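Inside the fold
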Amino acid sequence: DLGEKYKYESYIHEISSREIVLGFEDGSFKPEKELTRAEMATIFTRMFNVPTTRSVSCFEDITENHWAKEYIMALVDKGVFMKDTNFNPDSVITREQLVAMTFRMLSDMGELEPQDAEMDFSKHKDFDKVSDYAKVAYKALSTDGYHLLAELVDHEFMDTSDDELFWYPQRAVTRLDCCEFLYQFIRMFFYNNAPAIKR
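Criteria and thresholds
- Residues numbered from 1 in each chain as written.
- Predicted model: local features only at pLDDT ≥ 70, side-chain atom pairs only at ≥ 80, totals over all residues.
- Heavy atoms only, no water.
- Phe/Tyr/Trp six-rings, centres within 6.5 Å; stacked < 30°, edge-to-face > 60°.
- Helix = DSSP H or I, 4+ residues; strand = E, 2+ residues; numbered from the N terminus.
- Buried < 20%, exposed > 50% of the residue type's maximum accessible area, 1.4 Å probe, protein only.
- Lys NZ or Arg CZ within 6 Å of the ring centre and 35° of its normal.
- Salt bridge = Lys/Arg side-chain N within 4 Å of Asp/Glu carboxyl O.

**Remarks on the packing of aromatic side chains**
Counting across every chain of the model gives 12 aromatic pairs. Seen in terms of ring centroids, Phe-121 and Trp-167 are 5.3 Å apart; in terms of plane orientation they differ by 75°. Their pairing is edge-to-face. You can see Phe-121 sitting in the loop between helix H4 (95-108) and helix H5 (132-143) and its partner Trp-167 sitting in the loop between strand S2 (164-166) and helix H6 (175-193), a full 46 residues away along the chain. We note that Phe-121, like Trp-167, is buried. Connected via pairs of aromatic rings, a cluster forms that spans Phe-44, Phe-48, Tyr-146, Phe-185 and Phe-189. The ring of Tyr-168 has Arg-171 sitting right over it, with the charged end atom 4.0 Å from the ring centre. In this arrangement the basic side chain of Arg-187 is found over the ring face of Tyr-183, its NZ or CZ atom lying 4.0 Å from the centre.

Here it is, written out as structure tokens:
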């Protein structure tokens, strides 16, 4: 599908040209490769220009000389990651963890607040599978118009009334997923903050 290929290439091109998600030394990008929590920490600090920190690690599995320690602790200082016994740097990052990170970053920036209003997620068939800690993030980002990684099941081409959306919140985030998420995030962030285009 040419449309899909164009989207795929534009997501990767924009995010890699901003030097947020980098390619590999052999010239490959490996779009289907799943991201670890440590890798996502480095991507997030680049994306949001978070200064690295010399804060001492608060995790038993992040040593002072761990390659991502300064990025991880910078995000702990921002409230994007919670202090805990272990960080699990080599575990995959899930979609709901990425959404929760984004919500916490925007909250730290004063850009987003939790939403109390009831929301209609009836088209999203797996909202009940979102972990409780992440539900506030899905609600707040959805209310602000942010595009959260979702798969559309289109039953009738001309009829959208029976479309179903799946977030697959526990699915690992691939490098392509990450580029798509950040590409859409940047556009919505500019829209939400553009003085000339108030909604």
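From this point, things continue past the structure.
**Remarks on the pattern of salt bridges**
Summed over all chains, the structure comprises 10 salt bridges. Its salt-bridge partner being Arg-95, residue Asp-177 comes within 3.9 Å of it at the nearest N-O pair. Taken together, the residues span a long stretch of sequence, with Asp-177 in helix H6 and Arg-95 in helix H4 at a distance of 82 residues. Residues Glu-151 and Arg-171 are paired through a salt bridge, measuring 3.9 Å at the closest nitrogen-oxygen approach. Taken together, the positions of Glu-151 in strand S1 (residues 151-153) and Arg-171 in the loop between S2 and H6 put the pair 20 residues apart, joining distant regions of the chain.

**A closer look at the environment of Lys-83**
With respect to the secondary-structure elements, Lys-83 resides in the loop between helix H3 (69-77) and H4. For the pair Lys-83 and Tyr-71, spaced 12 residues apart in sequence, the C-alpha to C-alpha distance is 14 Å.

**Some details on unusual backbone geometry**
Phi is positive for Lys-30, which is not a glycine, with a value near 55°. Relative to the assigned elements, Lys-30 resides in the loop between helix H1 (2-17) and helix H2 (37-47). The backbone of Asn-49 sits at a positive phi, close to 50°, despite the residue not being glycine. Along the chain, Asn-49 falls in the loop between H2 and H3. Asn-49 gets classed as exposed once you look at its relative accessible area, which sits at 66%.

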